[in-house]
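Chain and residue survey
Here are the chains, one letter per residue:
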Amino acid sequence: MHVRLKARSEIEKLRRANLIVRDVLDLCQELARPGVTTWDMEEAARSYIQRAGARSAFLNYQPSSDMRPYPAVLCTSRNEKVVHGIPDRREILEEGDILSVDFGVFFDGYCGDAARTYAIGKVSDQAAHLIRTTEEALELAIAKMVPGNRVSDVGDAIQRHAEAAGYSVVRDFVGHGIGQEMHEPPQVPNLGPPGRGLLLSPGLVLAIEPMLCEGTWKVSILDDGWTVVTRDRKLACHFEHSVAVTEGDPLVLSRR
């Protein structure tokens, strides 16, 4: 595993890419209401990418030759879908849904990647608590992104917060390094124990992405080859930020 630390100039380029991602997620948040389709979001994202002069990191992504290329610029994962849900003209958002939107672009040779989960209209107290807990877990993980900690300290913060609230953490999908490629070493599991793995140093950039489930952490992949769902079909939630380790506080690239 070769992990390459980024120079300050590279982190600036990563930040510009991630701010495009942030703008698209803001746009999707405005659309996240009953009656909107996930394809409406997809069309809005495609239009924004074109105006920004960026390139989708997801469209036609094919991590192995036996997989179907991913057919969209967004991943839209509703309710029991954990990640990699495909936007669809027939998928109409309904009051009480929760929807995770994951998005990535390349801009000036560097990648941005982030995700949020939105409440659609008024949601149940249980759904609202899951969303809040997942976002809190991400913030606790970001706080661990300082020199001297290790990669597993990031995941341990997520796991501890999730399990204390009664949720499980997905094992089969993880965060990752990010730079000129969307997925770079190291992998960043959302689990402990702490004190293991790569030592965090200034210039390391990671995409941290907790995925929490109401029930079991075990997942299945649907027949489309991409959409990941909870096996018990209970709710799942996903947030993600791209974060740089600096000499001081963590720098969240996908946030103003």
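A brief structural summary. Please read all numbers here as calculations on a predicted model, not as lab measurements.

**Considerations on the overall build of the chain**
Counting its regular elements, the chain contains four helices and 15 strands. Relative to the 2.2 N^0.38 estimate, which gives 18 Å for 256 residues, the radius of gyration of the chain is 17 Å and therefore close to what a compact globule would have. Seen through its C-alpha atoms, the chain measures out along the principal axes to roughly 45 × 45 × 35 Å. Going through the 256 residues of the chain one by one, you find that 53% of them count as buried. Treating the 30 positive side-chain charges of the chain as one cloud and the 36 negative ones as another, the clouds have centres 2 Å apart.

**What to know about the pairing of strand β2 (residues 74-78)**
In terms of burial, β2 is largely enclosed, as five of its five residues are buried. Along β2, one buried face is formed by L74, T76 and R78 and the opposite face, lined by C75 and S77, is buried too.

**What about unusual backbone geometry?**
Looking along the chain, the bond that leaves P185 and enters P186 is cis, with omega of 0°. In this model, G192 is joined to P193 through a cis peptide bond whose omega is 5°. Turning to its location among the elements, P193 is positioned in the loop between β8 (184-188) and β9 (205-208). With a phi angle near 60°, N79 is a residue other than glycine that sits in the positive phi range. Non-glycine residue H84 carries a positive phi angle of around 65°. Turning to its location among the elements, H84 is positioned in the loop between β3 (81-83) and β4 (98-107). On the accessibility criterion, H84 (22% relative accessible area) is partly exposed.

**Some remarks on the packing of aromatic side chains**
The tally for this structure, following the rule as stated, stands at two aromatic pairs. Aromatic pair Y61 and W226: ring centres 6.4 Å apart, planes at 45°, arrangement tilted. Within this pair, whereas Y61 is found in the loop between β1 (55-56) and β2, its partner W226 is found in the loop between β11 (219-221) and β12 (228-230), the two being separated by 165 residues in sequence. Taking relative accessible area as the criterion, W226 reaches 7% and is therefore assigned buried. Aromatic side chains Y70 and W226 sit 5.2 Å apart centroid to centroid with 80° between the ring planes, which places their arrangement in the edge-to-face category. On the criterion of sequence distance, the pair formed by Y70 in the loop between β1 and β2 and W226 in the loop between β11 and β12 is long-range, its members being 156 residues apart.

About the criteria used
- Residues numbered from 1 in each chain as written.
- Predicted model: local features only at pLDDT ≥ 70, side-chain atom pairs only at ≥ 80, totals over all residues.
- Heavy atoms only, no water.
- Helix = DSSP H or I, 4+ residues; strand = E, 2+ residues; numbered from the N terminus.
- Rg over C-alpha atoms; globule rule 2.2 N^0.38 Å.
- Buried < 20%, exposed > 50% of the residue type's maximum accessible area, 1.4 Å probe, protein only.
- Lys, Arg positive; Asp, Glu negative; His and termini not counted.
- Charge placed at Lys NZ, Arg CZ, Asp CG, Glu CD.
- Phe/Tyr/Trp six-rings, centres within 6.5 Å; stacked < 30°, edge-to-face > 60°.

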